[in-house]
Amino acid sequence: MTDSMLAALPSALDLVDYFGIAVFAISGALLAAEKRQTLVTLIFFAVVTGVGGGTLRDLLIGAPVFWVRHNATLVICIAAAMLVWITSRRRFAGRALLWFDAAGLVAYATYGAAMALSFGVAPIPAFGMGVLTACAGGIIRDLLAGEPSILMRPELYVTAAALAAGCSSRFR
Amino acid sequence: MTDSMLAALPSALDLVDYFGIAVFAISGALLAAEKRQTLVTLIFFAVVTGVGGGTLRDLLIGAPVFWVRHNATLVICIAAAMLVWITSRRRFAGRALLWFDAAGLVAYATYGAAMALSFGVAPIPAFGMGVLTACAGGIIRDLLAGEPSILMRPELYVTAAALAAGCSSRFR
Amino acid sequence: MTDSMLAALPSALDLVDYFGIAVFAISGALLAAEKRQTLVTLIFFAVVTGVGGGTLRDLLIGAPVFWVRHNATLVICIAAAMLVWITSRRRFAGRALLWFDAAGLVAYATYGAAMALSFGVAPIPAFGMGVLTACAGGIIRDLLAGEPSILMRPELYVTAAALAAGCSSRFR
């Protein structure tokens, strides 16, 4: 990777981050909508699922938690919840949840591993942190909703996150 | 709000904080008592439910965790558990759990949002933090006890916390 | 305890720490193996169960999280998961899980309380932290696996941790 690419990395990674937050927020809101919860609970699930993984990552590497100093992140999550609230009557299928999860997973695993490396975390923990934080949003969502955890279903959740985090670590 | 009222605020907020801890601790101990657990498990639940929300809040805003530097907080939780242990034969009704939860919720949402604002957190995250930390105690309690989460029951849990946090943010 | 013993304490405690991590990692991997998960999920459970308690302890006392600066801890967890993966066909009994849990519990409670005291935590919170962090690994493991929490089973889990943490606090 050339120096000029490295210079462009932060903003590219920021976009990946916002994308990961948005799709996880949608996935959280979708699950709450499926359970016929109120709009407020939809927003709660969108926020917890959207920022859960990144919050865990920031706590583990000792960085300030990314969403407390500005309003943008929570606004994205709230907007995602409202989007789901408005459109949910047209029946997002259960499949949608899986696709959004997968997209968020890859985005978070990539961003999490890269950010941990840039904070001086050793390679294996950086890789592990990419995996953990990518899975954390979906895991917290399922725990709170009382669903069987996505970890235990046959969708290879952790494996996908590990692949994404591994690729990200290698390209640095 | 006048300046003299602002000066009196910290100690008033501290009282609100201790009140929130005590009622959450009672609610945790009540749930463990209902499940016929030992006194030690009652104390464990009282502590986890009592300090869970505030701990999450402190971690998120980067403050030192409030209960590790002095003994008072845990003593309150242990006393609450013992109170429940002694009186539980007289059958606290399941209703009591809900009332204690509601009181703790309002106290924590108010205190959490106010404290986050005073740490320079942006308004929307401060509001969100009031809600999150007010709900966290009850959520952790239900998760650990294997109960269906209070989030998913029809009691408008998150909505109540949101109202309290909203009022608190507005009056600053 | 003499001064020379105090000087030897860190390395002795480090051994206790590694031992606690290894047995908790094995206990996590065993549960995942029992549920017929993939090797990647076994590793995930080994890591989460192995480092869960210590991570919570470090976050609470404001220390840097112990496993992010070097590779050794995660290598131990991964090795534990592979050991379980290779040997699990010979049927580790469900009993094994309990024994590994018990060993990890005592190691963590001892180490957690001692470390908290050395960070200037007040005695009651230090004791509580030994208990909390000793139980956290097993609790997180059961939550993620959708098992009834070990807290609620009749094995006196919290009581054992409390005894170990109490002894550790007294001998300082």
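My aim in this report is to walk through the structure given alongside it, one point at a time.

As for the overall build of chain A
Part 1 of the reasoning: Across its full length, chain A carries 6 helices and 0 strands.
Part 2 of the reasoning: Going from the N terminus to the C terminus, chain A shows its helices and strands as α-α-α-α-α-α.
Part 3 of the reasoning: Looking at chain A residue by residue over its 172 residues, the buried ones come to 54%.
Part 4 of the reasoning: Look at the contacts in chain A between residues 6 or more apart in sequence, and 75% of them connect residues 24 or more apart.
Part 5 of the reasoning: Accessible surface, chain A: about 7300 Å² in total, of which carbon and sulfur atoms supply 69%.

Things to note about the packing of aromatic side chains
Part 1 of the reasoning: Enumeration over the complete set of coordinates arrives at 6 aromatic pairs over all chains.
Part 2 of the reasoning: Between Phe44 of chain B and Phe45 of chain B the ring centres are 6.3 Å apart and the planes differ by 75°, which places this aromatic pair in the edge-to-face class. In terms of burial, Phe44 of chain B and Phe45 of chain B fall into one category: buried.
Part 3 of the reasoning: Over the ring of Phe66 of chain A we find Arg57 of chain A; its NZ or CZ atom is 5.6 Å from the centre of that ring.

Re a nonpolar patch on the surface
Part 1 of the reasoning: A cluster of nonpolar side chains, namely Met82, Trp85 and Ile86 of chain A, defines an oily patch on the protein surface of about 300 Å² accessible area.
Part 2 of the reasoning: Looking at the element boundaries, Met82 of chain A is found in helix H3 (residues 72-87).

Digging into the side chain of Arg57 of chain B
Part 1 of the reasoning: Locating Arg57 of chain B in the fold gives a position in helix H2 (residues 39-61).
Part 2 of the reasoning: Aside from chain neighbours lying at most four places away, what touches Arg57 of chain B is Asp17, Phe66, Tyr111, Gly112, Met115, Met129 and Thr133 of chain B.

Looking at the interface of chain A and chain B
Part 1 of the reasoning: Contact with chain A, which involves 22 residues of that partner, is made by 22 residues of chain B.
Part 2 of the reasoning: Surface buried jointly by chain A and chain B totals about 1900 Å² across both partners, of which 75% is contributed by carbon and sulfur atoms.
Part 3 of the reasoning: Where chain A meets chain B, there are 4 residue pairs in polar contact (both at pLDDT 80 or more).
Part 4 of the reasoning: Counting residues per element, the ones that place at least two in the side of chain A that touches chain B are helix H2 (39-61), H3 and helix H5 (123-145) of chain A.

Let's talk about the pattern of salt bridges
Residue and element names in this part refer to chain C.
Part 1 of the reasoning: Summed over the entire model, instances satisfying the criterion amount to 9 salt bridges over all chains.
Part 2 of the reasoning: Of the charged contacts in the structure, one is a salt bridge between Lys35 and Glu147, with a shortest N-O distance of 2.9 Å. Within this pair, whereas Lys35 is found in the loop between helix H1 (3-34) and helix H2 (39-61), its partner Glu147 is found in the loop between helix H5 (123-145) and helix H6 (157-171), the two being separated by 112 residues in sequence.
Part 3 of the reasoning: A residue is classified by how much of its surface remains accessible, and Glu147, at 28% relative accessible area, is partly exposed.
Part 4 of the reasoning: For Asp142, the salt bridge is made with Arg141, and the minimal N-O distance between the two is 3.2 Å.
Part 5 of the reasoning: On the basis of relative accessibility, which here comes to 1%, the residue Arg141 falls in the buried class.

Considering the interface of chain C and chain A
Part 1 of the reasoning: Taken together, the contacts link 22 residues of chain C with 22 residues of chain A.
Part 2 of the reasoning: Viewed at the interface, chain A and chain C are joined by 0 salt bridges.
Part 3 of the reasoning: Between the two partners, chain C and chain A, sit 4 residue pairs in polar contact (both at pLDDT 80 or more).
Part 4 of the reasoning: Looking at the side of chain C that touches chain A element by element, the count peaks at 7 residues for H2 of chain C.
Part 5 of the reasoning: Residue composition of the side of chain C that touches chain A, by class: 14 nonpolar, 6 polar and 2 charged.

Considering the environment of Leu39 of chain A
Residue and element names in this part refer to chain A.
Part 1 of the reasoning: Structurally, the position occupied by Leu39 is in helix H2.
Part 2 of the reasoning: In this structure Leu39 comes out as partly exposed when scored by relative accessible area, which is 26%.
Part 3 of the reasoning: For Leu39 and Met82, which are 43 residues apart along the polypeptide, the C-alpha to C-alpha distance reads 7.6 Å.
Part 4 of the reasoning: For Leu39, the residues in contact, after removing those within four places along its chain, are Ala81 and Trp85.

Quick word on the side chain of Asp142 of chain C
All names here are of chain C.
Part 1 of the reasoning: As for its placement among the helices and strands, Asp142 is situated in helix H5.
Part 2 of the reasoning: Residue Asp142 is classed as buried on the basis of its relative accessible area, which comes to 1%.
Part 3 of the reasoning: The contact partners of Asp142, leaving out residues within four places of it in the chain, are Leu31, Glu147, Pro148, Ser149, Ile150 and Arg153.

Considering the relation of the copies chain A and chain B
Part 1 of the reasoning: When chain A is fitted onto chain B, the two copies agree to an RMSD of 0.0 Å after a turn of 120° and an axial shift of 0.0 Å. The superposition of one copy onto the other is thereby described by a three-fold rotation axis.
Part 2 of the reasoning: Little of the interface of chain A is mirrored in chain B: 9% of its interface residues are interface residues there too.

With respect to the relation of the copies chain C and chain A
Put simply, the two copies of the chain differ by a rotation about an axis and a shift along that axis.
Part 1 of the reasoning: Once chain C is rotated about the relating axis by 120° and shifted along it by 0.0 Å, it coincides with chain A to within an RMSD of 0.0 Å.
Part 2 of the reasoning: A low fraction, 9%, of the interface residues of chain C reappear at the interface in chain A, so the copies pair through non-equivalent surfaces.

Some details on the environment of Ala102 of chain C
Residues and elements named next belong to chain C.
Part 1 of the reasoning: Examined against the element boundaries, Ala102 turns out to sit in helix H4 (residues 94-118).
Part 2 of the reasoning: Looking at Ala102, the relative accessible area reads 35%, which means it is partly exposed.
Part 3 of the reasoning: Placed 58 residues apart in sequence, Ala102 and Ala160 show a C-alpha to C-alpha distance of 8.1 Å.

So, the packing of H2 of chain B against helix H3 (residues 72-87) of chain B
Residues and elements named next belong to chain B.
Part 1 of the reasoning: Put simply, H2 and H3 touch, their axes get as near as 8 Å, and they point 130° apart. The angle between H2 and H3 places the two elements in the oblique class. For the pair H2 and H3, the sense of crossing is right-handed. Residues Leu39, Leu42, Ile43, Ala46, Val47, Gly50 and Val51 of H2 form the contact with H3, whose participating residues are Thr73, Leu74, Cys77, Ile78, Ala81, Val84 and Trp85.

Cut-offs and rules
Residues numbered from 1 in each chain as written. Chains lettered and ligands numbered in written order. Predicted model: local features only at pLDDT ≥ 70, side-chain atom pairs only at ≥ 80, totals over all residues. Heavy atoms only, no water. Helix = DSSP H or I, 4+ residues; strand = E, 2+ residues; numbered from the N terminus. Buried < 20%, exposed > 50% of the residue type's maximum accessible area, 1.4 Å probe, protein only. Contact = heavy atoms within 4.5 Å. Areas by Shrake-Rupley, 256 points an atom, 1.4 Å probe, with all protein chains shown as cover. Phe/Tyr/Trp six-rings, centres within 6.5 Å; stacked < 30°, edge-to-face > 60°. Lys NZ or Arg CZ within 6 Å of the ring centre and 35° of its normal. Patch = residues over 30% accessible without salt bridge, like charges linked within 9 Å, V, L, I, M, F, W, Y side chains within 5 Å. Salt bridge = Lys/Arg side-chain N within 4 Å of Asp/Glu carboxyl O. Buried area = accessible area lost by both parts, 1.4 Å probe. Polar contact = N/O pair within 3.5 Å; in protein donor to acceptor, adjacent residues only side chain to side chain. Nonpolar A, V, L, I, M, F, W, Y, C, P; charged D, E, K, R; others polar. Least-squares fit on C-alpha atoms with pLDDT ≥ 70 in both. Axes fitted to C-alpha atoms, helices over the stretch in contact; angles between N-to-C directions. Parallel < 35°, antiparallel > 145°, perpendicular 65-115°, else oblique. Left-handed = near helix turned anticlockwise from the far one by under 90°.

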